[in-house]
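Chain by chain, the residues:
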Amino acid sequence: MKKIVISASLCLLLSSCFTYRNIDLDKGEFNQEDIFKIIKTDKQIEKGKLYSLNDSLIVLQRKAGTKHIVLRTDIQEIRKRKFSLGKTITLPVGITAVVTAVALYTFSNWSVSLGY
């Protein structure tokens, strides 16, 4: 029982409220406030907000002062982070329901003998 509660708690804490969707470099779906995940041809991953963009490179800002320069020729895939309301609501509710059901099932089969 203890392992189930710990596992469910970890799942709840590690659940993500965001999804990443692929975008096309040529369509201009870039906004300064969006967070991007760039997968390079050498399988390195760069994440951050868009700092600047031109025809040959993209500059992402991870933290204040930390910038990553990525050449457009080195990009294999680029994804834009999007808030997912469905994940935010259903994951915690689903995990809570499973933990509650397991706890109720466990305690319904538990009996106390008073010794009479």
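Heads up: the structure comes first, above all this text.
One structure accompanies this document, and this report is about it. (Residues numbered from 1 in each chain as written. Predicted model: local features only at pLDDT ≥ 70, side-chain atom pairs only at ≥ 80, totals over all residues. Heavy atoms only, no water.)

Following the criterion strictly, the structure yields two salt bridges and no others. Lys80 is the salt-bridge partner of Asp34, the closest N and O atoms lying 3.2 Å from each other. Of the two residues, Asp34 is situated in the loop between β1 (18–22) and β2 (35–40) and Lys80 in strand β6 (residues 75–83); the sequence distance between them amounts to 46 residues. Residue classification places Asp34 among the buried positions, given a relative accessible area of 16%. (Salt bridge = Lys/Arg side-chain N within 4 Å of Asp/Glu carboxyl O. Helix = DSSP H or I, 4+ residues; strand = E, 2+ residues; numbered from the N terminus. Buried < 20%, exposed > 50% of the residue type's maximum accessible area, 1.4 Å probe, protein only.)

Mapped onto the elements of the fold, Ser7 is located in helix α1 (residues 2–14). Along the sequence, Ser7 and Ile95 sit 88 residues apart, while their C-alpha atoms lie 9.9 Å from each other.

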